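Residue-level listing of the chains:
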Amino acid sequence: MSAVPWLTVLWLLPVVGAAVVLLLPAGRANPARWTGLVFAVATLAVALGVAMAFQPGGEQFQFVESHTWIPAFGAGYTLGVDGIALVLTLLTAGLVPLLIIAGWHDDREVGSGKRAAHIYIALTLLVEGMVLVSFLALDILLFYVFFEAMLIPMYFLIGGFGPRTDSAPARQQRSRAAVKFLLYNLLGGLIMLAAVIGLYVLTVQQGLGAEGAGTFDLRTVVAAANAGELGAGPAVLNALFLGFMFAFAVKAPLWPLHTWLPDAAVSATPASAVLMMAVVDKVGTFGMLRYCLLLFPAASDTYAPLVIALAVIGILYGALLAIGQTDVMRLIAYTSISHFGFIVLGIFAMTSQSQTGATLYMVNHGISTAALFLVAGFLVSRRGSRLIADYGGVQKVAPVLAGTFFIAGLATLSLPGLAPFVSEFLVLIGTFSRYQVAAILATGALVLAAIYVLWLYQRMMTGPVAKGNEGIRDLVPRELVVVVPLVGALIFLGVYPKPVLDFIDPAVHQTLTTIGSVDPPPPVPVQPEAANTGGVPHER
């Protein structure tokens, strides 16, 4: 074990960065932006160092740090990272510097005076730090505290900082969207709190903690849950599962708890919307893997058909509504609802391929959504309109912008050769081995995705240059610094996903082993004769 608490350093860096930014003199916008960027890059450097030192075939949780926090409750400051948490940590640490650059001037249209840039950058870094703690926490209460706390800076990012094209009615809508985001997620968090308390009571009754107290240590509770030592019947465990699952389904979001997402996504700045959809919302799907499955394996198995049904509805619903949108940013937001359905589907199919695909999908969705939403945001800021009908012929006046938009769109529809294809393929084949009908229905979203992406590109980018689009300029160097790494990652992981899968595969195997889930046998048994004769069966 390293003498340096690297995981603490990892999440504290952006939090300290937020404090430093706020302490800078008012009116110094550029120093605030550069300071925030430096801390974000430093966080990425630490995350990469942790990844390089991580041993995929080693202990499940590595770099473990454990300290007493609230001994009377058996709560501890316990951090650790496995392969699943590691890839999501890398996603978060990699996206935030790009989002700071993408939103370099997003503070200009708010009434925060000379400290607008300071507040905007500080809120972004605070969200990053809290998300990182959520991925790294091995204490249930510690996870819950930061799961809820991240809502506050995200609320202010949505409600206080809008697109530069905002009108007065749009600002009112932004305030309503921020309140809706907060209320939905607070409701989910309160229900989860009741489940956390209920789970703690079970640990007290079983004496799992020290000196007669209970415990919030995830590893201890998971071991007891999978050994049947929590001392509760199926009804109680099912209720506790639903408490956790409800909160994660709101955060993810899973249909029909998704309605806050489109409004929040179009009301926030593009960079803040990406922070929400590509980073914050991943805490929901991560929670399903880390907490719902590990703590309540029997209940997860009981409710898997229901969750899978909701996931399939979300996949098709999000894709269908995306086709009918007239607002480009709202269209992209609905595609995320469809993609989150694929992630949840893979998690609850509970096969090694589906869960590996779901985890990889979290990473790939974050990259593809960031690319598409940010490029669309760059275009909207130039034209001053989110309406698809106001565009046309953009590829003639801004070919690089149109080209990157096209690549990001193809990634969204999971074109082979781009990163999301690998994850979506793994989810579908892993699901098909256990839930054939669900996999077949979900496959229909591939056709719908081709419709909404290609039709969107045709309407906005091709044809004659529409009136008002003549002056649209191409991507500038600052924007290329954001877009090029995202497009490069989509191509690299589409061709060679092995570096990420090397982290994910062992962690998924350990999760399935812990909950006692075994992949279903192949539908057509392998004939022993064929196996022994190079594929040619003996004649009988």
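The rules behind the values
Residues numbered from 1 in each chain as written. Predicted model: local features only at pLDDT ≥ 70, side-chain atom pairs only at ≥ 80, totals over all residues. Heavy atoms only, no water. UniProt positions renumbered as here; feature names shortened; annotations may be inferred. Axes fitted to C-alpha atoms, helices over the stretch in contact; angles between N-to-C directions. Helix = DSSP H or I, 4+ residues; strand = E, 2+ residues; numbered from the N terminus. Parallel < 35°, antiparallel > 145°, perpendicular 65-115°, else oblique. Left-handed = near helix turned anticlockwise from the far one by under 90°. Contact = heavy atoms within 4.5 Å. Patch = residues over 30% accessible without salt bridge, like charges linked within 9 Å, V, L, I, M, F, W, Y side chains within 5 Å. Areas by Shrake-Rupley, 256 points an atom, 1.4 Å probe, with all protein chains shown as cover. Salt bridge = Lys/Arg side-chain N within 4 Å of Asp/Glu carboxyl O. Buried < 20%, exposed > 50% of the residue type's maximum accessible area, 1.4 Å probe, protein only.

As recorded in an unreviewed UniProt entry, the protein goes by the name NADH-quinone oxidoreductase subunit M, listed as coming from Nocardia carnea. What the UniProt record of the protein gives under Sequence similarities (unreviewed entry) is the line "Belongs to the complex I subunit 4 family."

At a closest axis distance of 9 Å, the pairing of helix H10 (residues 260–267) and helix H14 (residues 328–349) adopts a crossing angle of 140°. Between H10 and H14, the angle is such that the two are oblique. Seen along the crossing, H10 lies across H14 with a hand that is right-handed. Two secondary-structure elements touch here, H10 through Leu261, Pro262, Asp263, Ala265 and Val266 and H14 through Met329, Arg330, Ala333, Tyr334, Ser336 and Ile337.

Here we take up the environment of Trp69. On the secondary structure map, Trp69 appears in strand E1 (residues 62–70). A C-alpha to C-alpha distance of 9.3 Å links Trp69 and Leu142, two positions 73 residues apart in sequence. For Trp69, the residues in contact, after removing those within four places along its chain, are Ala75, Gly76, Tyr77, Asp139, Leu141, Leu142 and Val145.

Backbone torsion omega between Ala252 and Pro253 reads -5°, so that peptide bond is classified as cis. For Pro253, the location among the structural elements is in the loop between helix H9 (234–251) and H10. Located in the positive-phi region is Phe63, a residue other than glycine, with phi close to 55°. Along the chain, Phe63 falls in strand E1.

Our next topic: the packing of helix H11 (residues 270–280) against helix H15 (residues 352–383). Look at H11 against H15: their axes get within 9 Å of each other, and the N-to-C directions meet at 165°. As the angle between them shows, H11 and H15 are arranged roughly antiparallel. The element H11 and its partner H15 pack so that their crossing is right-handed. The residues of H15 that touch H11, namely those facing Pro270, Ala271, Ala273, Val274, Met277 and Ala278, are His365, Gly366, Thr369, Ala370, Phe373, Leu374 and Gly377.

Attention now moves to a nonpolar patch on the surface. Taken together, the side chains of Ile491, Phe492, Val495 and Tyr496 make up a nonpolar region of the molecular surface, amounting to roughly 400 Å² of accessible area. Given the relative accessible area of 39%, Ile491 is considered partly exposed.

A pair can form between side chains of opposite charge whenever their charged atoms are brought close. According to the stated counting rule, one finds seven salt bridges in the structure shown. Put simply, Asp263 and Arg330 hold a salt bridge, and the shortest N to O gap is 3.2 Å. Remark: Arg330 occurs in helix H14 and Asp263 occurs in helix H10; sequence separation between them is 67 residues. Through salt bridges that share partners, Lys180, Asp263 and Arg330 make up one connected network.

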